[in-house]
Amino acid sequence: MLARMSLVVSLGVVLAGFAAAEDWPGWRGPRADGTVAETGFPLTWTAKDNVRWKTELAGTGHSSPVVSKGKVFVAGCVEAEKKRVLYCVDRATGKILWEKAAVVSDLEKKHNENSWASSTPAADGERVYITFLDKPHLRVFCYDHAGTLVWEKTPGEFHSQHGFCSPPMLYKDLVIVNGDQDAPKGLTAYIVAFDKKTGEEKWRADRPTKLRSYCPPVVIDAAGKKQLVLTGSKCVASYDPDTGKQNWIINGPTEQFVSSMVLHNGVLLMTAGFPEHWVMAIDPSGSGNVTKSHVLWSKQKEGGYVPSPVAHDGKLFLVDDRGVASCWDVKTGKQHWKERLSGKGHHASAVAADGRVYFTSDEGVTFVLKASAEFEILAKNPLDERVFSSPAFSDGEIFLRGAKHLWCIAEKK
């Protein structure tokens, strides 16, 4: 009996040293900020080494993979058939379990760096949600994990000369979608929330500037309350995610935005945008217009437009669209270092795991850096395939969506 108790205690001590495995259920993971609580992810790989499986996808797109209950979900567009598809892939084997054509319609005009399937799915363990543009309408779809359509909704029209990318975000019983757009006369730009189970619209917030942006809203816990925060439409803003009521707003600092924000040590951090690049830190405790009162620090002509940053241990890490990475002190805004990783361009957002930061370039090379105030490259991992989407990390495995394949990277067992 004593031996059995000793074994149980010893096992408990061992298990206490490991973080519980997490799914990667939506844009930028379980906290929507690119951070990973687990350990045990590969440091190095190539197109042949430390590849658990790779699966060819007929549909192209910049949609990032998500992981939920043993399945990997990702969107694509079969361009020749004008078909936008949601794929469900078995996590263990890479086998495509099902694919559903949600939209079949003419391909919209887009920026040459966008795709016709850029939205990242969101999954809650029972259902998976995805958005597509069915020109001119924004469409929201809900499927169960067996691939049965549960509901679909059309919250309104969506207009943008650069195409569509607005991933659904989950909060409590809601699925929330950003409808920032170049709204023609008589139409509105909006953020809209639906009931996850039924698709019933629960609230809608007006975005009066009516300017396209592609920023996923993120729910944070700050200043004693839940806040839905996002950049876009010539502002940075916070809303009550339960009601859609605005908490605070900051004018600018620029016109157009793509990347999502992160919260670290109570500080809200962002990088943007177009026509000027900025890095900015915000105190999220204000109300009303806090442009002059709650910006903690800001740096003009720094940072990137598309890739979202990640924060770890008091430091903000980011890479700009040209492949220049930098590290900033979250509290003071001091730049610790700024170094070029590549000259091939970057669109994927950063991930922090195992005391490292992972930056994946458009050429499919993942640069692994020490998450430190001192610049140090630990590895350069070529995939021999272009990558425009962001990776998913879960239980020692890294999922990358390339131009032709979905990859599962893991150390050999």
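Residues numbered from 1 in each chain as written. Predicted model: local features only at pLDDT ≥ 70, side-chain atom pairs only at ≥ 80, totals over all residues. Heavy atoms only, no water.

**Student:** Run through the sheet that holds strand S14 (residues 218-222), naming residues and quoting values.
**Tutor:** Across the sheet, which stays open at both edges, the 5 strands sit in the order S14-S15-S16-S17-S21 with mixed pairing between neighbours. The open sheet is flanked by S14 and strand S21 (288-289), the only strands paired with a single partner. Sheet topology places strand S15 (residues 225-232) next to strand S16 (residues 235-239); 5 bridges connect them, and they run antiparallel. Across the sheet, residue Leu-230 finds its bridge partner in S16, namely Ala-237. (Pairing = 2+ DSSP bridges. Helix = DSSP H or I, 4+ residues; strand = E, 2+ residues; numbered from the N terminus.)

**Student:** Requested: an account of the sheet that holds strand S7 (residues 127-134), with residues and values cited.
**Tutor:** Across the sheet, which stays open at both edges, the 4 strands sit in the order S6-S7-S8-S9 with antiparallel pairing between neighbours. Edge positions in the open sheet fall to strand S6 (122-123) and strand S9 (149-157), since each of these has one partner strand only. With 2 bridges connecting them, S6 and S7 associate as antiparallel partners. Paired with Ala-122 across the strands is Tyr-129, a residue of S7.

**Student:** Tell me about the environment of Lys-135, and please be specific about residues and values.
**Tutor:** Examined against the element boundaries, Lys-135 turns out to sit in the loop between S7 and strand S8 (137-144). Considered as a pair, Lys-135 and Leu-107 are 28 residues apart in the sequence and their alpha carbons are 7.8 Å apart. When near neighbours in sequence (up to four residues on either side) are disregarded, Lys-135 contacts Ser-105, Asp-106, Leu-107 and Glu-108. (Contact = heavy atoms within 4.5 Å.)

**Student:** An account of the side chain of Gln-256 is requested, with residue identities and associated values reported.
**Tutor:** Within the secondary structure, Gln-256 is located in the loop between strand S17 (246-251) and strand S18 (262-264). A polar side-chain atom of Gln-256 sits 3.5 Å from a polar atom in the side chain of Arg-212. With near-sequence residues (within four places) excluded, Gln-256 lies in contact with His-162, Leu-211, Arg-212, Gly-273, Phe-274 and Tyr-305. (Polar contact = N/O pair within 3.5 Å; in protein donor to acceptor, adjacent residues only side chain to side chain.)

**Student:** How would you sum up the side chain of Asp-320? Please name residues and give values.
**Tutor:** Mapped onto the fold, Asp-320 is located in the loop between strand S24 (315-319) and strand S25 (324-329). On the accessibility criterion, Asp-320 (3% relative accessible area) is buried. In terms of polar contacts, Asp-320 uses its side chain to reach the side chain of Arg-322, at 2.7 Å. Within the structure, the side chain of Asp-320 is placed 2.9 Å from the backbone nitrogen of Val-324, a separation counted as a polar contact. (Buried < 20%, exposed > 50% of the residue type's maximum accessible area, 1.4 Å probe, protein only.)

**Student:** Would you mind going over the pairing of strand S19 (residues 267-272) in detail, with residue names and values included?
**Tutor:** Of all 6 residues making up S19, 6 are buried, and the element is well covered by its neighbours. By the bridge criterion, 3 bridges tie S18 to S19 in an arrangement that is antiparallel. Along S19, the bridge assignment pairs His-264 with Val-267. What sits between S18 and S19 in their antiparallel hairpin is a turn of 2 residues, with Asn-265 showing a positive phi close to 55°. Counted along the chain from S19 to the antiparallel partner strand S20 (residues 278-282), the turn is 5 residues long.

**Student:** Tell me what's going on with the packing of aromatic side chains, and back it up with residues and numbers.
**Tutor:** Tallied over the entire structure, the rule returns 16 aromatic pairs. With centroids separated by 5.1 Å and ring planes inclined at 50°, the aromatic side chains of Phe-41 and Phe-393 adopt a geometry described as tilted. Here Phe-41 is found in the loop between helix H1 (2-16) and strand S1 (51-56), whereas its partner Phe-393 is found in strand S31 (residues 392-394), with 352 residues between them in sequence. By relative accessible area, Phe-41 is classed as buried at 2%. Considering the side-chain rings of Phe-73 and Trp-98, the 6.1 Å spacing of their centres and the 50° angle between planes classify their relative orientation as tilted. You can see Phe-73 sitting in strand S3 (residues 71-78) and its partner Trp-98 sitting in strand S5 (residues 96-104), a full 25 residues away along the chain. Put simply, the rings of Trp-24, Phe-41, Trp-45, Tyr-358 and Phe-393 pair up and form one aromatic cluster. A cation over a ring is seen here: Lys-110 above Trp-116, with NZ or CZ 4.6 Å from the ring centre. The ring of Tyr-190 has Arg-204 sitting right over it, with the charged end atom 4.8 Å from the ring centre. (Phe/Tyr/Trp six-rings, centres within 6.5 Å; stacked < 30°, edge-to-face > 60°. Lys NZ or Arg CZ within 6 Å of the ring centre and 35° of its normal.)

**Student:** Tell me what's going on with unusual backbone geometry, and back it up with residues and numbers.
**Tutor:** When glycine is set aside, most residues are seen to have a negative phi, and most peptide bonds are trans. Residue Pro-253 is bonded to the preceding Gly-252 through a cis peptide linkage, with omega at 5°. The residue Pro-253 is located in the loop between S17 and S18 in this model. Residue Ala-272 is joined to Gly-273 through a cis peptide bond whose omega torsion reads 10°. With respect to the secondary-structure elements, Gly-273 resides in the loop between S19 and S20. The residue Lys-301 is not glycine, and still its phi comes out positive at about 60°. Residue position: Lys-301 is located in the loop between strand S22 (295-300) and strand S23 (310-312).

**Student:** Can you lay out the pattern of salt bridges for me, pointing to particular residues and giving the numbers?
**Tutor:** As enumerated under the stated definition, the model contains 21 salt bridges in all. Note that Glu-108 is salt-bridged to Arg-84, the shortest N-O span being 2.9 Å. Residue Glu-108 is found in the loop between S5 and S6, and its partner Arg-84 is found in strand S4 (residues 83-90); the two are separated by 24 residues along the sequence. Among the residues examined, Glu-108 registers a relative accessible area of 5% and is labelled buried. Residues Glu-302 and Lys-338 are paired through a salt bridge, measuring 3.0 Å at the closest nitrogen-oxygen approach. (Salt bridge = Lys/Arg side-chain N within 4 Å of Asp/Glu carboxyl O.)

These figures capture arrangement, not role.
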